[in-house]
Amino acid sequence: DAGVTQSPTHLIKTRGQQVTLRCSPKSGHDTVSWYQQALGQGPQFIFQYYEEEERQRGNFPDRFSGHQFPNYSSELNVNALLLGDSALYLCASSLQFGETQYFGPGTRLLVL
Amino acid sequence: SQQGEEDPQALSIQEGENATMNCSYKTSINNLQWYRQNSGRGLVHLILIRSNEREKHSGRLRVTLDTSKKSSSLLITASRAADTASYFCATDEKGGDDKIIFGKGTRLHILP
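Just so it is clear, the model here is predicted, and its values are computed rather than measured. (Residues numbered from 1 in each chain as written. Chains lettered and ligands numbered in written order. Predicted model: local features only at pLDDT ≥ 70, side-chain atom pairs only at ≥ 80, totals over all residues. Heavy atoms only, no water.)

### As for the overall build of chain A
Of the regular secondary structure elements, chain A holds zero helices and 11 strands. In sequence order, the secondary structure elements of chain A are arranged as β-β-β-β-β-β-β-β-β-β-β. For 112 residues, the compact-globule estimate of 2.2 N^0.38 gives 13 Å, and the C-alpha radius of gyration of chain A, at 13 Å, lies within 12% of that figure. Along the three orthogonal principal directions, the C-alpha set of chain A runs to about 40 × 25 × 25 Å. Counting across all 112 residues of chain A, residues that qualify as buried make up 50%. Of the contacts made within chain A by residues no fewer than 6 positions apart, 52% connect residues no fewer than 24 positions apart. Of the roughly 5,200 Å² of accessible surface on chain A, a fraction of 50% belongs to carbon and sulfur atoms. (Helix = DSSP H or I, 4+ residues; strand = E, 2+ residues; numbered from the N terminus. Rg over C-alpha atoms; globule rule 2.2 N^0.38 Å. Buried < 20%, exposed > 50% of the residue type's maximum accessible area, 1.4 Å probe, protein only. Contact = heavy atoms within 4.5 Å. Areas by Shrake-Rupley, 256 points an atom, 1.4 Å probe, with all protein chains shown as cover.)

What follows is the structure, given as structure tokens:
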């Protein structure tokens with residue numbers, strides 16, 4: 001049974017560029033949440049997708065957008081990258097919001 | 001913004017000793033979860049405790065929840081070197097604005 005997978009594992013971009021991160025949820029899970037974790041901090045909730053729609057959103061600008069596909073996989077897109085977007089981006093899947101979330105290994109994004 | 005605040009921020013103990021971490025939060029919750037993170041990798045779910053529960057055990061882990069004080073504690077008994085990690089509490093806020101909010105974490109170091 002595959003757990004949550006994310007790609008790529010590492011990514012280097014320059015300011016102003018755009019990036020797309022991908023996540024495949026744990027088998028049987030239909031809800032995907034995305035988090036940003038800066039160094040030394042706890043994960044910050046970006047948004048959550050359920051039934052291909054954004055269900056909840058944290059305090060992140062519109063430069064952060066996402067998508068969920070019919071197979072429940074998800075993408076996180078960040079436009080006009082800033083240096084401050086450098087972080088570990090974590091994807092988590094669950095059966096229901098608020099229940100146990102299973103996290104992927106994360107994508108480490110460095111913006112130069 | 002951070003909902004949960006873990007205390008202490010960092011903790012070093014000898015192998016075999018017990019480790020206690022605390023989490024305080026601000027609003028009413030549906031449940032509280034504890035996660036472990038090794039060296040900036042993905043988070044691993046440890047325990048979920050619901051708002052109507054007061055204590056829960058899982059192996060060497062014991063979690064308590066005091067909703068009147070809006071606080072929780074995580075006790076790891078007979079610590080091992082492999083317990084070295086960052087530990088985060090995450091709360092599922094009760095009400096219309098359902099979001100999972102993580103604290104900043106406690107960095108636990110087990111000394112050999």
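Next comes the rest of the description.
### Side note on the overall build of chain B
When helices and strands are tallied, chain B shows zero helices and 11 strands. Beginning at the N terminus, the succession of helices and strands in chain B can be written as β-β-β-β-β-β-β-β-β-β-β. Taken over C-alpha atoms, the radius of gyration comes to 13 Å for chain B, in line with the 13 Å a tight globule of 112 residues would show. Projected onto the principal axes, the alpha-carbon positions of chain B cover approximately 45 × 25 × 20 Å. Evaluated residue by residue, chain B yields a buried proportion of 47% over its 112 residues. For chain B, restricting intrachain contacts to residue pairs at least 6 apart in sequence, the fraction spanning at least 24 positions comes to 55%. As displayed, chain B offers around 5,200 Å² of accessible surface, 45% of which is attributable to carbon and sulfur atoms.

### Structural notes on the state of the cysteines
Under the counting rule described, the total for this entry stands at two disulfides over all chains. One disulfide in the model links A:Cys23 with A:Cys91; its S-S distance is 1.8 Å. Of note, the bridge from A:Cys23 to A:Cys91 carries an S-S torsion of about -55 degrees and is left-handed in sense. In this pair, A:Cys23 sits in strand β3 (residues 19-24) while A:Cys91 sits in strand β9 (residues 87-94), placing the two residues 68 residues apart along the sequence. Residue classification places A:Cys91 among the buried residues on the basis of a relative accessible area of 0%. At a sulfur-sulfur separation of 2.0 Å, the disulfide partner of B:Cys23 is B:Cys89. (Disulfide = S-S within 2.5 Å.)

### With respect to the sheet that holds strand β7 (residues 64-68) of chain A
Residue and element names in this part refer to chain A. What the four strands build is an open sheet, ordered β1-β3-β8-β7; its pairing is antiparallel. On the outer flanks of this sheet lie β1 (5-7) and β7, each paired with one strand and no other. Averaged over all neighbouring strand pairs, the angle between strand axes comes to 20 degrees, with direction disregarded. Here β3 runs beside strand β8 (residues 74-78); their pairing, made up of five bridges, is antiparallel. Across the sheet, Leu21 pairs through a bridge with Leu76, a residue of β8. (Pairing = 2+ DSSP bridges. Axes fitted to C-alpha atoms, helices over the stretch in contact; angles between N-to-C directions.)

### Notes on the confidence of the model for chain B
Per-residue confidence for chain B gives a mean pLDDT of 90; residues scoring 70 or more make up 93%. Per-residue pLDDT, averaged within each element of chain B, yields its smallest value for strand β1 (residues 5-7) of chain B (83) and its largest for strand β7 (residues 61-66) of chain B (98). (pLDDT = per-residue confidence, 0-100.)

### A closer look at the sheet that holds strand β6 (residues 55-58) of chain B
Hydrogen bonds between backbone atoms are what pair the strands of a sheet, whose relative direction is either parallel or antiparallel. Residue and element names in this part refer to chain B. Read across the open sheet, the five strands follow the order β1-β3-β8-β7-β6; overall the sheet is antiparallel. Either end of the sheet is taken by a strand with one partner, and the two such strands are β1 and β6. Shown here is a sheet whose adjacent strand axes are inclined to one another by a mean of 15 degrees, direction ignored. Bridge analysis of β6 against β7 gives four bridges, and the strand direction is antiparallel. Directly across from His57, in β7, lies its bridge partner Arg62.

### Observations concerning the pairing of strand β9 (residues 85-93) of chain B
Residues and elements named next belong to chain B. With nine of nine residues buried, β9 lies mostly within the body of the structure. Neither face of β9 is left uncovered, since the one carrying Ala85, Tyr87, Cys89, Thr91 and Glu93 and the one carrying Ser86, Phe88, Ala90 and Asp92 both have all their residues buried. Looking at chain direction, strand β4 (residues 29-37) and β9 are connected through eight bridges and run antiparallel. When the bridges of β9 are listed, Tyr35 appears paired with Phe88. When β9 meets strand β11 (residues 106-111), the two strands line up antiparallel, connected through three bridges. Each residue of the ladder has a partner; that of Tyr87, found in β11, is Thr106.

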